[in-house]
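So the chains spell out like this:
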Amino acid sequence: MRKLLNEELGRPTLEECATLAKLPIVVVLDNVRSAQNVGSFFRTADAFGIERIALCGISSTPPNREIHKTALGSELSVAWSYHATTMECVEALRAEGYEILAIEQIEDATMLDSFEAQIDKKYALIFGNEVDGVDQAVADVVDGAIEIPQVGIKHSLNVSVSAGVIMWELFRQLHR
C-alpha cells in the first residue's frame, strides 16, 4: 500500500477552514499547566471540527512556541478565548446555553460508552489540570460528567489523550 501525500488528503486551507461548520462543542481547559498539552488540544480540536477552546487560569495561550510544537499551526485554525478563572468561563458558557460536562472521575459520571450526544445541544467539555483534574468547585456546578472506562492499573490518562478519546466519540456521534 502507498501512503497518501498531504496534497491528496483534500484538507481545507486556513481560509476555507474558517468558513466550515463546526460541532457545537467548546473545550474548556481548567488550569492545564503544560503548553504542549494545550497544543495537543488545538490539534485534536482542529481534526474534529470543534467550535472553540476556552483557556482558563494558568493554561498557556497562543502565540507560544511550546503550544506550536504540538499544535503545528492548528492554533491558527481553532478559535479560542482566555478566561482568568474556569468558573467565569463556565458561567459565560451556561448563559450561552451550553450543557456543562466535566471529563472526570466523579460520582454518577456517565461512562463514555453510554453517553449519547444530542444533535440539538451545545456542549462545554471541561478538562482538568494534569495533577489535580477538574477543580472541585467547578465539579460542584457542572450539569454532568463523562468518564472514560479504563481497566489498567493506572487511574487516569494524560489529559490530551483523554481529549482525543472524548472528541473522537462526540465527533463520531454528531458528525453527519
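See above for the structure.
A brief report on the enclosed structure follows. Please read all numbers here as calculations on a predicted model, not as lab measurements. (Residues numbered from 1 in each chain as written. Predicted model: local features only at pLDDT ≥ 70, side-chain atom pairs only at ≥ 80, totals over all residues. Heavy atoms only, no water.)

Re the packing of aromatic side chains
Here comes step 1: Under the defined criterion, the tally for this structure stands at 5 aromatic pairs.
Here comes step 2: With 5.9 Å between their ring centres and 50 degrees between their planes, Phe48 and Trp168 make a pair best called tilted. With Phe48 in the loop between helix 2 (35–47) and strand 2 (50–56) and Trp168 in helix 6 (residues 159–174), the pair connects residues that are 120 residues apart, well separated along the chain.
Here comes step 3: Between Phe48 and Phe171, the ring centres sit 5.2 Å apart and the planes meet at 40 degrees, which makes this aromatic pair tilted. With Phe48 in the loop between helix 2 and strand 2 and Phe171 in helix 6, the pair connects residues that are 123 residues apart, well separated along the chain.
Here comes step 4: Judged by relative accessible area, Phe48 falls into the buried class, the value being 18%.
Here comes step 5: If you follow Lys122 out to its NZ or CZ, it ends over the ring of Tyr98, 4.5 Å from the centre. (Phe/Tyr/Trp six-rings, centres within 6.5 Å; stacked < 30°, edge-to-face > 60°. Helix = DSSP H or I, 4+ residues; strand = E, 2+ residues; numbered from the N terminus. Buried < 20%, exposed > 50% of the residue type's maximum accessible area, 1.4 Å probe, protein only. Lys NZ or Arg CZ within 6 Å of the ring centre and 35° of its normal.)

What to know about the packing of helix 2 against helix 6
Here comes step 1: Two elements in contact, helix 2 and helix 6, have axes whose closest approach is 9 Å; the angle formed by their N-to-C orientations is 15 degrees. Overall, the two elements helix 2 and helix 6 adopt an arrangement that is roughly parallel. For the crossing formed where helix 2 meets helix 6, the hand is right-handed. Where helix 2 abuts helix 6, its residues Asn37, Ser40, Phe41, Thr44 and Ala45 lie against Val159, Ser160, Ala163, Gly164 and Met167.
Here comes step 2: Of the residues assigned to the contact of helix 2 with helix 6, the class counts are 5 nonpolar, 5 polar and no charged. (Axes fitted to C-alpha atoms, helices over the stretch in contact; angles between N-to-C directions. Parallel < 35°, antiparallel > 145°, perpendicular 65-115°, else oblique. Left-handed = near helix turned anticlockwise from the far one by under 90°. Contact = heavy atoms within 4.5 Å. Nonpolar A, V, L, I, M, F, W, Y, C, P; charged D, E, K, R; others polar.)

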